[in-house]
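Spelled out from the first residue to the last, the chains are:
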Amino acid sequence: MRLLDRYSRQVAVIGEEGQRRIGQSSVAVFGIGGLGTLVARYVAGGGFKRLYLVDFDTISLSDIHRQILYTTEDVGRPKAEVAARVLKAVNPEVEVVSVAEPISPDLADMIAKEADVIVDALDNWASRHVVNAAAVAHRKPLIHGAVQEWYGHVTTIVPGRTPCLEDLFGRFKGLPSCQAGYCPVLGPAVGVIASLMALEVFKTALGAPSLAGKLLVVDLKHMSFDVLEVARNLNCPVCGRLG
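Remember, predicted model here, so these are calculated numbers, not experimental data.

Asks: Run through the packing of helix H3 (residues 34-46) against helix H8 (residues 187-205), naming residues and quoting values.
Replies: Helix packing geometry: the angle between the two helix axes and the distance between the axes. For the pair H3 and H8, interaxial distance at closest approach is 8 Å and the crossing angle is 40°. Here H3 is positioned oblique relative to H8, judged by the angle of their axes. In this structure, the crossing between H3 and H8 has a hand that is right-handed. Across the interface between the two elements, Gly34, Leu35, Leu38, Val39, Tyr42, Val43 and Gly46 of H3 pack against Val190, Gly191, Ile193, Ala194, Ser195, Met197, Ala198, Val201 and Phe202 of H8. Considered class by class, the residues forming the contact of H3 with H8 number 12 nonpolar, four polar and no charged.

Asks: Let's hear about the side chain of Lys140: which residues, and what values?
Replies: Positionally, Lys140 belongs in the loop between helix H6 (125-137) and strand S5 (142-148). Buried charge without a salt bridge: Lys140, with Asp116 as the nearest opposite-charge side chain at an N-O distance of 5.3 Å. Within the structure, the side chain of Lys140 is placed 3.2 Å from the backbone oxygen of Lys113, a separation counted as a polar contact. A polar atom in the side chain of Lys140 sits 2.7 Å from the backbone oxygen of Ala115. The residues touching Lys140, leaving out its near neighbours within four places in the chain, are Ala112, Lys113, Glu114, Ala115, Asp116, Ile118, Ala135, Ile157 and Pro159.

Asks: Any chance you could break down the environment of Asp123 for me, citing the residues and the numbers?
Replies: Residue position: Asp123 is located in the loop between strand S4 (117-120) and H6. Overall, the relative accessible area of 40% leaves Asp123 in the partly exposed class. Each C-alpha atom of the pair Asp123 and Cys183 lies 8.3 Å from the other, and the pair is 60 residues apart in sequence. Of the polar contacts made by the side chain of Asp123, one reaches the side chain of Asn124; its length is 3.4 Å.

Definitions and cut-offs
- Residues numbered from 1 in each chain as written.
- Predicted model: local features only at pLDDT ≥ 70, side-chain atom pairs only at ≥ 80, totals over all residues.
- Heavy atoms only, no water.
- Axes fitted to C-alpha atoms, helices over the stretch in contact; angles between N-to-C directions.
- Helix = DSSP H or I, 4+ residues; strand = E, 2+ residues; numbered from the N terminus.
- Parallel < 35°, antiparallel > 145°, perpendicular 65-115°, else oblique.
- Left-handed = near helix turned anticlockwise from the far one by under 90°.
- Contact = heavy atoms within 4.5 Å.
- Nonpolar A, V, L, I, M, F, W, Y, C, P; charged D, E, K, R; others polar.
- Buried < 20%, exposed > 50% of the residue type's maximum accessible area, 1.4 Å probe, protein only.
- Lys, Arg positive; Asp, Glu negative; His and termini not counted.
- Salt bridge = Lys/Arg side-chain N within 4 Å of Asp/Glu carboxyl O.
- Polar contact = N/O pair within 3.5 Å; in protein donor to acceptor, adjacent residues only side chain to side chain.

Nothing here speaks to function; it is geometry throughout.
Pasting the structure below:
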């Protein structure tokens, strides 16, 4: 009855076995901002077993135009706690764990150990590399996305099979980190990149990620989507030794 009620439209696409696999998987979202709020909303709605929300930041007025779980009344409140409250109301069947702590190697390691799929929805490369290292250490798939202005990219990292973030970008940072918490971006552009990331979360949990070993580069100003094949570098200091 549960499958036929709450998840009926989804089960029609992925089947009952697919829904069971979703219901047995846990997801950790690092960064509950523009990208993370939408990814988390789809994960909660989709019926994953457990959802970890990791963010130490509080909600600002300039967040509201793109961070879909928050309202003006939430300004000043912790993102992880507000998001957890909203998502528990969206789907009480999903266990939602809020982690309002700064990202550290120990924290990333602890969460990577528990989660089946990890999402990098962060806005700075220092934290991304910490999460990447934890995902590689525990051989957990990592969906990475970034967005700025009209542009974004998405990739899925499968440790031992694809390049990790360190391998893929090295110390080249791809899209720049937000400066002093300020990232120029159009709200719908965030929604497009986040939706692509959420799709990869579902497909990864179902065993068939589309962007493993590929980098999807999106230019929404000119409505251009390009897929780049990316190969592993066995000399990568983070993932090169994995078999």
